[in-house]
Amino acid sequence: MKSQSLLSLSAWLLAVLAVPLTIAAQDTQQPTLLPAVQYTVTDLGTLSGGSFSQPFFINRYGLVSGSSSLPDGNQHATLWLEELKVDIGEPGLGGPNSIAFGDNERFQSAGEAETSTLDPNGEDFCGFGTHLSCLPFLWRDGEMVQLPTLGGNNGVAMAVSNRGEVAGFAENSTPDPGCPAPQVLHFKPVVWEKGAIHQLPTFGGDPDGVAQEMNDEGKVVGGSGTCATFNPNFLYNLVPIHALLWEKGKAIDLGNLGGETGQAGGNIAYDINNRGQVVGNSDLPGDTTFHAFLWTWRTGMQDLGTLSGDVASVSISINDGGSVVGASLDANFNPRAFLWEKGLMSDLNALIVGDSPLYLLTGCSLNSRGEITGLGLTSTGEIHTYLARPIHAVVTNESTSQGVIARRILSDDARKLMQQQLRFGRSGARFMRLQ
């Protein structure tokens, strides 16, 4: 029997499908005013008793996938829809921790879940410090279904398309002599179709790689590079050297912004929309910092820059309209969420109408309705998942709040929390360094 929470989730889906999104028409009779999209912000909170949550993806209906901490400190894969929170990590695959990285319009979700079995090689692939085996899953019809690896002990499902295809990465059974302990085995980018696993090629002889996202045409993005010790500065155990697009099974190098070693933020693609536009981040010359990029077949890799006064940035999500969200960072790596549209990067905090319950640190995902989810900082220093909903406003140059919002500087405790708790990729943990 399905749980009441799952039935409630289905009811919410029916409600969402029944109510179309409406936005007020632009007032064309006031040419002296500047039309602008602004946002209201909701703190989606945590599971009961938790103090931390993180999002990774929001679908067109507003379903957010991610994870939330529990009173015992473990994390469970979590889905949010409006005020409804559903713990899909219990019972999981038998272990204490899990994360939902992506979902689709069929309300399926993909992610990682620990088992109750210690990794035979002593690896800590999921990075929770438990050294338990970590397996990819597809959550469907209220059940977490384990996906196969390439013969190794670990893997992660990062995204699920509306066609039900899943993208991620998985270990094979071959030791990688270049991997520092505790990582032992090679891990490769993969796609699962109808439960069967298919390996994608890396680029230029790179020993390891990850697939991050896929669109509804089956195009996949991610990166490949060299193995590294688990470190929140990098994506799982990878130093990404090549940002990649896989099309019809072929790995295409998207280039870089001048950096070649990947030692700052790496060269990695995080998202692709149904128009084939790709976003991610790439090191600049000298590999001492990194910037957000937008890539298209026509223009190649475009540097999106940073917000004023910042030194680094990463673009994490792009919708089919070409709007981009991510994070911009100062010299001490304090982040603030940005929205990039039509060549202009704006501090998302400056686009909020009224008081916000959170200071927005990152933009993690953006759907076709313009709704944004990401990481927000509470007044007490906790990190929660937020939902920013667009409203149509008409503002003057004088009335806009852009540039007025005071930047929040992360405390040492908050920074350590981000480093210890956040998991990779879309949440932006990989650039939250301890200074």
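Everything below is about the structure shown above.
What you see is a predicted model; the values in this text were computed from it and never measured. (Residues numbered from 1 in each chain as written. Predicted model: local features only at pLDDT ≥ 70, side-chain atom pairs only at ≥ 80, totals over all residues. Heavy atoms only, no water.)

Q: I would appreciate a short explanation of the side chain of Asn 154 in the present structure.
A: With respect to the element layout, Asn 154 can be found in strand 10 (residues 151-160). Assessed through its relative accessible area of 0%, Asn 154 is described here as buried. There is a polar contact of 3.1 Å between the side chain of Asn 154 and the side chain of Glu 123. A polar contact of 2.7 Å, which involves the side chain of Asn 154, links it to the backbone nitrogen of Cys 134. Every residue in contact with Asn 154, bar those within four places of it in the chain, is listed here: Asp 119, Glu 123, Phe 125, Leu 132, Ser 133, Cys 134, Leu 135, Thr 149, Ala 170 and Glu 171. (Helix = DSSP H or I, 4+ residues; strand = E, 2+ residues; numbered from the N terminus. Buried < 20%, exposed > 50% of the residue type's maximum accessible area, 1.4 Å probe, protein only. Polar contact = N/O pair within 3.5 Å; in protein donor to acceptor, adjacent residues only side chain to side chain. Contact = heavy atoms within 4.5 Å.)

Q: Teacher, can you tell me more about unusual backbone geometry here?
A: A negative phi holds for most residues other than glycine; trans holds for most peptide bonds. Cis geometry marks the peptide bond from Glu 90 to Pro 91; its omega dihedral reads 5°. You can see Pro 91 is positioned in the loop between strand 5 (84-87) and strand 6 (98-103). Each neighbour pair has its own omega, and for Ala 181 with Pro 182 the value is 10°, a cis peptide bond. With respect to the helices and strands, Pro 182 occurs in the loop between strand 11 (166-175) and strand 12 (185-193). Of note in the backbone geometry, Phe 107 takes a positive phi value of approximately 60° without being a glycine. For Phe 333, which is not a glycine, the phi torsion comes out positive at approximately 65°. The residue Phe 333 is located in the loop between strand 23 (324-329) and strand 24 (335-341) in this model.

Q: Got a minute to help me understand the pairing of strand 18 (residues 268-272) in this structure?
A: Every other side chain in a regular strand lies on the same face of the sheet, so the side chains alternate between the two faces. Most of strand 18 is tucked away, with five of its five residues classed as buried. Across four bridges, the pairing between strand 18 and strand 19 (residues 278-283) is antiparallel. Within strand 19, the residue paired with Ile 272 across the bridge is Val 278. (Pairing = 2+ DSSP bridges.)

Q: For this particular structure, what's the right way to read the state of the cysteines?
A: One way to say it: the disulfide is the covalent bond shared by the sulfur atoms of two cysteines. Taken as a whole and assessed by the stated rule, the structure comprises two disulfides. There is a disulfide in this structure between Cys 126 and Cys 134, and the S-S distance comes to 1.7 Å. For the residue pair Cys 126 and Cys 134, the accessibility class agrees, reading buried in each case. Across a sulfur-sulfur distance of 2.0 Å, Cys 179 and Cys 227 are joined as a disulfide pair. Its torsion about the S-S bond being 110°, the disulfide of Cys 179 and Cys 227 is classed as right-handed. Here the residue Cys 179 occupies a position in the loop between strand 11 and strand 12, and Cys 227 occupies one in strand 15 (residues 220-227), the gap between them amounting to 48 residues. Neither Cys 179 nor Cys 227 differs from the other in exposure class; each is buried. (Disulfide = S-S within 2.5 Å.)

Q: Any chance you could explain the sheet that holds strand 24 here in plain terms?
A: The strands making up a sheet associate through backbone hydrogen bonding, with each pair oriented either parallel or antiparallel. Taken in spatial order, the four strands make up an open sheet running 22-23-24-25, and their pairing is antiparallel. Each end of this open sheet is capped by a strand with a single partner; those strands are strand 22 (312-318) and strand 25 (344-347). Strand-to-strand twist across the sheet, computed as the mean angle between neighbouring axes with direction ignored, equals 30°. Sheet topology note: the strand 23/strand 24 ladder contains six bridges and is antiparallel. Across the sheet, Ala 327 pairs through a bridge with Ala 337, a residue of strand 24. (Axes fitted to C-alpha atoms, helices over the stretch in contact; angles between N-to-C directions.)

Q: Before we go on, may I ask you to explain the pattern of salt bridges in this structure?
A: Pairs may arise between side chains of opposite charge once their charged atoms sit close together. Under the counting rule described, the total for this entry stands at eight salt bridges. Residues Glu 165 and Arg 163 are paired through a salt bridge, measuring 3.0 Å at the closest nitrogen-oxygen approach. Here Arg 336 ties to Asp 347 by a salt bridge, and the two come within 3.4 Å at their closest N and O atoms. Residue Arg 336 is found in strand 24, and its partner Asp 347 is found in strand 25; the two are separated by eleven residues along the sequence. (Salt bridge = Lys/Arg side-chain N within 4 Å of Asp/Glu carboxyl O.)

Q: Is there a simple way to explain the sheet that holds strand 21 (residues 300-305) in this structure?
A: The sheet built from four strands is open, its strands ordered 18-19-20-21 with antiparallel pairing. Looking at which strands have only one partner, the edges of the open sheet turn out to be strand 18 and strand 21. Between one strand axis and the next, the sheet turns through 30° on average, direction left out of account.

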